[in-house]
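Architecture and fold: a report
Spelled out, the chains give:
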Amino acid sequence: MSGCKSKSGPAVMATPFDKNYTGPVTVDPLTRIEGHLKIEVEVENGKVSNVWSSAQLFRGLEIILKGRDPRDAQHFTQRSCGVCTYVHALASTRAVENAIGVDKILPENAKIIRNLVMGSQYLHDHIVHFYHLHALDWVDVVSGLQADPVKAAKLANSMSSRVTKPEDLKAVQVKLKAFVDSGQLGIFTNAYFLGGHDAYYLKPEENLIATAHYLEGLHLQVKAARAMAVFGAKNPHPQFTIVGGVTCYESLSKERIQEFKDLYNETKKFVDECYIPDLLMVASYYKDWAGIGGTSNFLSFGEFPSVENDIDSRFIPQGVIMNRDLKNVMNFDPASIKEDIKHSWYKGESSLHPYEGETDPQYTSYEDRDRYSWMKAPRYKGESMEVGPLAHVLTAYARGHKDFVPVVNSVLSHLGVGADALFSTLGRTAARGIETTVVANTMSEWVNNLEDNISSGNTDIAVEWDMPDEAEGVGFVGAPRGALSHWIKIKDKKIENFQLVVPSTWNLGPRCNQNKMSAVEEALVGTPIADPKRPVEILRTVHSYDPCIACGVHVIDARTNEVHKFKVM
C-alpha cells in the first residue's frame, strides 16, 4: 500500500488509481475541521463498504471541572473550541440554572439577548462552514482562471439582486493567478483536485463566482463575530453570560443596539445575495449527491426559546425522527440518552446516562479497530442519531413550521427534487443554508422586541439566586453543529460530576456497545470513490457535518495514559 500526502492537506493512503478499486483508504488527518480526526474506510468495487471514525485526542474537561464552583463551568467549557465558542458557555449556564431553578424566572431581556448572540453565532458558523470549510469539496478554484469574467458576471447577476461587475471578477482571477504562479496556493491548496478531478462538475464561470465570494466571506464573517461582541464583550469566548441572566448593561443603549443591527443587516445581506444563490448554484450541479451520504435517525433539541425553561417554546423545535418517518415526529426525552464506550479508549464497556457518566481513559493503540476513538458513542433509545442543521430542518419541516416549510419547499422546487433528497449529503449542506435564512429573517423581530422593552423602561437582564448544597441539572442547546448538552451534579456547592455530550460525539463517534455505526460511519457506506488516491467524496460527507473534534476530546499522554491536570493561578 502506497502513501500520498499533500503539502498542507491530509495524508491519504491507497493503491494506485482505479475506479473499481477494492481495498482500504485512510484519510489522516482530515483537514478543514476543528481538531484531529482520522477516517478509515474499506472500498469494494469503487464504493465504501465499511467505515471507522476515529477522534485522536482525549476529552478531559469533565476531570478538570470536578470540585470547582458551578459558576466557573462556562469559562472552562467554552474553551473547548474557538469556533463554536458561545454555545458551551450557554449550555453550562443553562445546566446550572436548571439545577437551581432560576431558569423559571429568567428576565425576558436576558432571553432575547442570548437569542441574538446565538443567532449571530449561527450566521457566523454557517457562512464560515459553507465557504471556508466545505466549498473546496465542490469548487475547483483553479478552474476559475479559465472563466470568462463577462459571462461569469452575467451569470452572477441572473442569480442575485447584487450587481457583479466583470472587472471585479477579473481582479479575483489576477489574485488567484499570482497564487498559482508562485507555486503556493495558500488557503486554496488542496491536492485532491489540482490538475482536475472527475468528481468536480462546476464550469469555470461558476468556480470563479464561488471563489470571489469565498474571499469576500473571509472579511464578512468578521461582521457576524463583531455582532456577537456587541453584547458578549468579545469574541471568541464572550463574557456576558451568567447564571440568572446576562451582564451587558452598557449594550442596552440605542447606539450599541444600532451597531448590532448594522452588523446583522450587513451579514444578512451577504447571506441573501451570495450564500444562498451560491448554495443553489452548486447544488444544481451535484444533484447526484441527493442520493449519497444519508442517515436514518435525527435528533433536535431546538433553540431560541421564548420561555427559557420550556423546551417546547423554542423557535427551532425539538423532536426525534426515526427511520426517516417525517409523519411521526416524537418529543425528545432526556432520560433516553446514554453514552457507550465499548469501542472507545475508556475503561470497561459501560452504557451510562450522562448524569452517571464516567471519564476513565485507557488508550490501546493507533491501529486498534476494536477500540478506536477518544469519543464516546451517544445513543438515543439505543440508536445512533444525526444532529445538526439537517435534524433541525427536518424536525421543523415535519412539524409544519410556518417559517421553515416555505423555504424548504422553495429549495426543493428550485432543484427539482423531492423531500427524500434531504436525507443526503446534499440535503445536509442545503439544510445549513435553509436554517441560516430562517434564523436571519427572524432576528430582526427579536431585536425589535428588545428595543420595545427598553423604551418602555424594562431593562432587567439578571436575577439573584442562591446556590443549593446539592442539585443536578442539564443545559440543552441547539448549537449550529447540533444537539449539545451539559450535565451537572452539585454537592457541597461544588461540581461533583460534569459531562458534556456534544454534537460531534453524536455525529462522528465510534460504534456503540451494540456495534451500531455512528451517523458519519453510516452516511459514508455506499459512497462512490472516483479516485482512491484523492477521495474527495469522503471529505464531502464528513465536512457536511462540520466536525469539531476539539469539542469532544482534549489532553492525555498516549504513552502513559496519564491525564494532564492544570491549576489556573
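Residues numbered from 1 in each chain as written. Predicted model: local features only at pLDDT ≥ 70, side-chain atom pairs only at ≥ 80, totals over all residues. Heavy atoms only, no water.

1. Considering helix H9 (residues 389–398)
The element H9 is extensively covered by neighbouring structure, given that 9 of its 10 residues are classed as buried. All of the buried residues along H9 are Pro389, Leu390, Ala391, His392, Val393, Leu394, Thr395, Ala396 and Tyr397. Just beyond H9, the residue with positive phi is Gly400, at close to 75 degrees. (Buried < 20%, exposed > 50% of the residue type's maximum accessible area, 1.4 Å probe, protein only. Helix = DSSP H or I, 4+ residues; strand = E, 2+ residues; numbered from the N terminus.)

2. Some thoughts on the sheet that holds strand S15 (residues 470–479)
The sheet built from 3 strands is open, its strands ordered S15-S16-S17 with antiparallel pairing. With one partner strand each, in any of the chains shown, S15 and strand S17 (494–501) form the two edges of the open sheet. On average, adjacent strands in this sheet sit at an angle of 15 degrees to one another, irrespective of strand direction. Both strand S16 (residues 482–491) and S17 contribute to a ladder of 7 bridges, which runs antiparallel. If you follow Lys491 over to S17, its bridge partner there is Lys494. (Pairing = 2+ DSSP bridges. Axes fitted to C-alpha atoms, helices over the stretch in contact; angles between N-to-C directions.)

3. Overview of the UniProt feature "binding site: Mg(2+)" (unreviewed entry) in the chain
Here the UniProt-annotated "binding site: Mg(2+)" (unreviewed entry) positions come out as Glu62, Leu500 and His554. Among the secondary structure elements, Glu62 is positioned in helix H1 (residues 61–65). Setting aside chain neighbours within four positions, we find Glu62 in contact with Thr359, Phe498, Gln499 and Leu500. Along the chain, Leu500 turns up in strand S17. (UniProt positions renumbered as here; feature names shortened; annotations may be inferred. Contact = heavy atoms within 4.5 Å.)

4. Quick notes on the UniProt feature "binding site: Ni(2+)" (unreviewed entry) in the chain
Taken from the UniProt record, the annotation "binding site: Ni(2+)" (unreviewed entry) applies to Cys81, Cys84 and Cys548. These residues run over 468 residues, yet every pair of their C-alpha atoms falls within 8.4 Å of each other. The residue Cys81 is located in the loop between helix H2 (73–77) and helix H3 (85–100) in this model. The exposure class assigned to Cys548 is buried, which follows from its relative accessible area of 1%. Residues in contact with Cys548, not counting those within four places in the same chain, are Glu34, Cys81, Cys84, Arg481 and Ser504.

5. Overview of the packing of helix H5 (residues 149–159) against helix H7 (residues 204–232)
Their axes nearest at 9 Å, the elements H5 and H7 cross at an angle of 70 degrees. When the axes of H5 and H7 are compared, the pair comes out roughly perpendicular. For the element pair H5 and H7, the recorded crossing hand is right-handed. Two secondary-structure elements touch here, H5 through Pro149, Lys151, Ala152, Leu155, Ala156 and Met159 and H7 through Glu205, Glu206, Leu208 and Ile209. Here the residues of the contact of H5 with H7 sort into 7 nonpolar, no polar and 3 charged. (Parallel < 35°, antiparallel > 145°, perpendicular 65-115°, else oblique. Left-handed = near helix turned anticlockwise from the far one by under 90°. Nonpolar A, V, L, I, M, F, W, Y, C, P; charged D, E, K, R; others polar.)

6. Here's the deal with unusual backbone geometry
Backbone torsion omega between Asp28 and Pro29 reads -5 degrees, so that peptide bond is classified as cis. With respect to the helices, strands and loops of the structure, Pro29 is situated in the loop between strand S3 (23–28) and strand S4 (37–44). Each neighbour pair has its own omega, and for Asn235 with Pro236 the value is 10 degrees, a cis peptide bond. Summarising the element assignment, Pro236 is placed in the loop between H7 and strand S6 (241–242).

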